[in-house]
Structure formats: C-alpha cells, structure tokens
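Examining the three-dimensional arrangement
In case you want the letters, here they are:
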Amino acid sequence: MRSTLIKAAVVVTTIGAFAGTAQADPAAGVVPAATDVVGVGSDTTQGVLNTLTAHYNAKSPAPANRAYSWDAIVPGSTTITPKAGAPTITRPNGSSAGISALIADGSTHNLDYARSSRKAKSDGTEANYGFIEFARDTVTYATASTSNVPTTLTTLDLNKLYASAAGSADCNRTAYLPQSGSGTRAFFLESIGLTAPGTCAKDTFGGQPVQEHNAAPLVGDANAIAPFSVGRAVGISTIKVNTVDDSVRPAGKAAAETARVNPADGQAVTTGGVVAYDRALFNVIRKADKTVAKFSGLFGTLGYICTNTTARADIIAAGFRRSSNCGVDRN
C-alpha cells in the first residue's frame, strides 16, 4: 500500500547553486556524526545523491543533521566506517547490498538509508522499510558505438538471449549482466520476463564482476550487449543505448512500463529518442523513521529533494527525470 511521508514542518526554501563538484563519499577528513543521515547502496544513484547531499549540506542555515552518501565502489576502498562510533563494514555495492546492510543495522542507525534502483521484494523481507521514490530512470540495452547488434530488439529477443544456454543457437551475442546484487540487473531481468539468467549471460569481465554502468565490457566488441541506465549513459561516447520493442513479449509476460527518452539527457520526448523500460528510483528508510523530521525534511513530499529548485535541477542534470510521486512510499 502506498503512503506518503509526513510533511516536513517547514518547507525548505530554494538555495543558490553549489560551488564546486560533488565528491564521492564524504570529503576527506569528514566523519559523519552519529546523528547525521548516512546512506549506501545503488551504483545507479550514487552520483546524484553525492550532489544532492552536498547541496543540502551547503544550504543556509546549515541543517542540524547533515546528509552523506557512500559510493557503491571506490578503487582501493573495500570497507567503510559509515559514521562516528560505527563499526567498519564491507562497502555495500548495489541496491540489494545496501538494503541488506540497512536491515542488518537493525535500529542502531549506523546506516539511515539505502539507495535503490529496484522496487521492494514481495516476499515480506523488506516489509518494514519504506521505498521512497524520488526520480525516474529508464533502462535498455547498450552496445558499443559501432556494433553489429540491431538498434531495436524486442522483449522476446532479449528474453531468449538472456535465458539461453552458452553455446546454443539463441546465445548469438556476448550478453553481459551487472554483478549480483545490482538493482539494474534485477530490474532488467524482470522487465524481460526472467527471474534468473541462463548460462549465456556473463557477469564477469576480465576476471572481475561486471560493475553496472561500466562501459568497458562493450567497448571494442561489436557483438556485446548489456543493460544500461539511459541516464547513466549520458556523455559516454564509446557506447550507445538502443530501443526495446515491448509489443513482442514472451508468452505470459505482462506489458512493461516504458518511456521514450532523449539519450543526450535522459529526458522524456514525444518523438525520436529511444524507448526503454521505465523505473522508479528510491531511497529506502525504516518505516518507523518516516515521521522523524530529519528524514521527512530530506526525503518527504515537502522535503528538500522533492521541493527545492536546486535539488530538482540536480536530478535532471544527472540524466534522470523528476517524479510526480516524489516522496511517496511505494512499499
């Protein structure tokens, strides 16, 4: 059942543009306080949350409880200490890893939110957590900029490829998937009608797990294909995103939600562009925290992310679209 976060007592006012570029992880030497709002998780939204939290912390007067976001992956850094007094943990890489870390934290609040590019599971394991929508994204298949792969594939085409066995006739492309725990992986498989891939699908490249939105496996391979966020592909000249035709689906597969977007900026268009699977992007918090001011004031319908002009611009600049359901708990 959908519910809306309790409205913040004071609507956050617009601030001016933040000087400088948002930095991955809390800035060097910054240790988030025990009362700050700290998150981990999705690779898809780590960049936009870095920017949003930097702008939030820079507003005047400064928030009593600052916000921070730890990236999914940072070369040479496999562990993090989320905030002052917290134990050191393995850096959560991906939506599911972030949500699992949040759940494992119980009510301690060493972690306060998880970035997620997938919806809540239906098995009840995440029933006590609010999936607070804040933006929209599209996912399609990407290829190298010069590729043998058609620029339009049907959902049935993608289903057959990713369900197939290695060496079979249907395994006619180099099909990559992001690492286990990736929200993009889970969303893409669901969109093409699969709960698990076949052995044709590869989730390693060069002996390492395929990191979602990493173009490296595609570049230079004219037969390679991988799911990719259109928003995250903006500005990557070595790859191109393509159109999915959901009118041809596997038997029993319900129609997916799709959107037509401009690959140059990820924004909706009425003609041209590419058609891709449409999804919500979330910040996951404890349902018990939805009435707490420091969470509703940041994530709620009248909170900073949903109402502040600079925050809205940050979402668009990241290649994502503003959501009419911003601040709504979709779980």
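Preceding this paragraph is the structure being described.
Quick caveat, the model's predicted, so the values are computed rather than measured.

Description of the overall build of the protein
- The helix and strand inventory of the protein stands at eight helices and 18 strands.
- Computed over its C-alpha atoms, the radius of gyration of the protein comes to 20 Å, within 12% of the 20 Å expected for a compact globule of 331 residues.
- With respect to the three principal axes, the spread of C-alpha positions in the protein is 60 × 40 × 40 Å.
- Among the 331 residues that make up the protein, the fraction classed as buried is 53%.
- Across the protein, every contact between residues at least 6 apart in sequence was considered, and the portion connecting residues at least 24 apart equals 74%.
- Total accessible area on the protein stands at roughly 13,600 Å², and carbon and sulfur atoms take up 53% of it.
- Of note, the protein has its 29 positive side-chain charges centred 4 Å away from the centre of its 24 negative side-chain charges.

Description of empty space enclosed by the protein
- All chains considered together, the criterion is met by one cavity of 30 Å³ or more.
- What the largest cavity holds in volume is close to 60 Å³.
- If you trace the largest cavity, you find it lined by Tyr176, Pro178, Val210, Gln211, Glu212, His213, Asn214, Pro217, Leu218, Ala226, Pro227 and Phe228.
- Looking at the lining of the largest cavity, its residues break down into eight nonpolar, three polar and one charged.

Reading the values: the criteria
Residues numbered from 1 in each chain as written. Predicted model: local features only at pLDDT ≥ 70, side-chain atom pairs only at ≥ 80, totals over all residues. Heavy atoms only, no water. Helix = DSSP H or I, 4+ residues; strand = E, 2+ residues; numbered from the N terminus. Rg over C-alpha atoms; globule rule 2.2 N^0.38 Å. Buried < 20%, exposed > 50% of the residue type's maximum accessible area, 1.4 Å probe, protein only. Contact = heavy atoms within 4.5 Å. Areas by Shrake-Rupley, 256 points an atom, 1.4 Å probe, with all protein chains shown as cover. Lys, Arg positive; Asp, Glu negative; His and termini not counted. Charge placed at Lys NZ, Arg CZ, Asp CG, Glu CD. 1 Å grid on protein atoms, 1.4 Å probe; cavity = no way out; pocket = protein on both sides within 12 Å on 5 of 7 lines; lining within 4 Å. Points joined across faces, edges and corners; volume = space filled by probe spheres on them. Nonpolar A, V, L, I, M, F, W, Y, C, P; charged D, E, K, R; others polar.

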